[in-house]
Amino acid sequence: MSVDRVRQEAQNISNKFANMKPPQEFFDFRRVSKPANFGEVQQRVAYNLGYFQANYIAIVAILSTYSLLTNLLLLFVIVFTIAGVYGIAALQGEELELGFTRLNTSQLYTGLFIVAVPLGFLASPISTLLWLIGASSVTVLSHASLMEKPIETVFEEAV
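None of the values given here were measured: they were computed from a predicted structure.

Caption draft 1: Representation of the nonpolar core within the structure. With 11 residues, the main nonpolar core is built from Phe 26, Val 45, Phe 52, Tyr 56, Ile 59, Leu 63, Leu 132, Ala 135, Val 140, Ala 144 and Met 147. Among the elements of the structure, helix H4 (53-70) and helix H7 (125-146) are those that each provide at least two residues to this core. Among the elements that make up this core, the one with the highest residue count is H7 (4 residues). When neighbours within four sequence positions are excluded, Phe 26 is seen to be in contact with Phe 52, Asn 55, Tyr 56, Ile 59, His 143 and Met 147.

Structure below.
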């Protein structure tokens, strides 16, 4: 992964968030209504997922942060694993010399694996991921299905 690639991805993310709609438009309760039928739900969801895409990505990011902050063991395991891999890579293939022994990179990765995997299972990442999928889906799809299209789009479709 090169530095240019990271910069390009950061630029893409910043462009996505530049298209974020203001809160006044996202939370416009005057446009909230019950759809008449399932066809209207489909039209609203199709339109709103594209129109409020950056807002929905921000909601998923906030819910992801919340899920990690409420599952501190999972957060610890993720940070521990990333720091361990980074630390082992920083040795650049050299052995780690402790006062009583020398460990090569293969042994260090094995030790990291032996510690991180059981801790990872204890941290219940699957239930956290399923909660995140459920909470994000309910939040995004309920907003997208209840929010009417702007009145301007109705006239554009008629032409």
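Caption draft 2: Layout of the environment of Lys 21. For Lys 21, the position within the fold is in the loop between helix H1 (3-18) and helix H2 (23-26). You can call Lys 21 partly exposed: its relative accessible area is 22%. Taking the C-alpha atoms as reference, Lys 21 lies 26 Å from Trp 131; in sequence the two are 110 residues apart. When sequence neighbours within four positions are dropped, the list of residues in contact with Lys 21 reads Tyr 51, Phe 52 and Asn 55.

Caption draft 3: Region of interest: the packing of helix H3 (residues 38-51) against H7. Where H3 meets H7, the axes come as close as 7 Å, and the angle between the chain directions of the two elements is 110 degrees. One finds that H3 runs roughly perpendicular with respect to H7. Note that H3 runs across H7; the crossing there is right-handed. For the pair formed by H3 and H7, the contact residues are Val 41, Arg 44, Val 45, Asn 48 and Leu 49 on the first element and Val 140, Leu 141, His 143, Ala 144, Ser 145 and Leu 146 on the second.

Caption draft 4: How the structure looks around the pattern of salt bridges. Applying the stated criterion across every chain, the model contains 6 salt bridges. Across the salt bridge formed by Glu 9 and Arg 5, the nearest N and O atoms sit 3.8 Å from each other. Pair noted here: Glu 9 and Arg 5 are both in helix H1, with a separation of 4 residues, about one helical turn. Assessed through its relative accessible area of 44%, Arg 5 is described here as partly exposed. Ionic pairing is found between Glu 148 and Arg 44, a salt bridge with its closest N-O pair at 3.9 Å. With Glu 148 in the loop between H7 and helix H8 (151-158) and Arg 44 in helix H3, this pair connects stretches of sequence that are 104 residues apart. Overall, Glu 148 belongs to the partly exposed group, its relative accessible area being 30%. Taken together, the shared-partner salt bridges in this structure form one network comprising Glu 40, Arg 44 and Glu 148.

Caption draft 5: Highlighting the packing of aromatic side chains. Evaluation of the coordinates by the stated rule reveals 8 aromatic pairs. Judged by centre distance (5.4 Å) and plane angle (20 degrees), the ring pair of Tyr 47 and Tyr 51 falls under stacked. With a gap of 4 residues between them, Tyr 47 and Tyr 51 both fall in helix H3, about one helical turn apart. With relative accessibility at 24%, the residue Tyr 51 sits in the partly exposed group. Among the aromatic side chains, those forming a connected cluster through ring pairs are Phe 26, Phe 27, Tyr 47, Tyr 51, Phe 52 and Tyr 56. The cationic tip of Lys 21 hangs over the ring face of Tyr 51; the distance from NZ or CZ to the ring centre is 4.5 Å.

Conventions we followed
Residues numbered from 1 in each chain as written. Predicted model: local features only at pLDDT ≥ 70, side-chain atom pairs only at ≥ 80, totals over all residues. Heavy atoms only, no water. Core = buried A, V, L, I, M, F, W, Y, C linked by side-chain atoms within 4.5 Å. Buried < 20%, exposed > 50% of the residue type's maximum accessible area, 1.4 Å probe, protein only. Helix = DSSP H or I, 4+ residues; strand = E, 2+ residues; numbered from the N terminus. Contact = heavy atoms within 4.5 Å. Axes fitted to C-alpha atoms, helices over the stretch in contact; angles between N-to-C directions. Parallel < 35°, antiparallel > 145°, perpendicular 65-115°, else oblique. Left-handed = near helix turned anticlockwise from the far one by under 90°. Salt bridge = Lys/Arg side-chain N within 4 Å of Asp/Glu carboxyl O. Phe/Tyr/Trp six-rings, centres within 6.5 Å; stacked < 30°, edge-to-face > 60°. Lys NZ or Arg CZ within 6 Å of the ring centre and 35° of its normal.

Treat this as a map of the structure, not an account of what it does.
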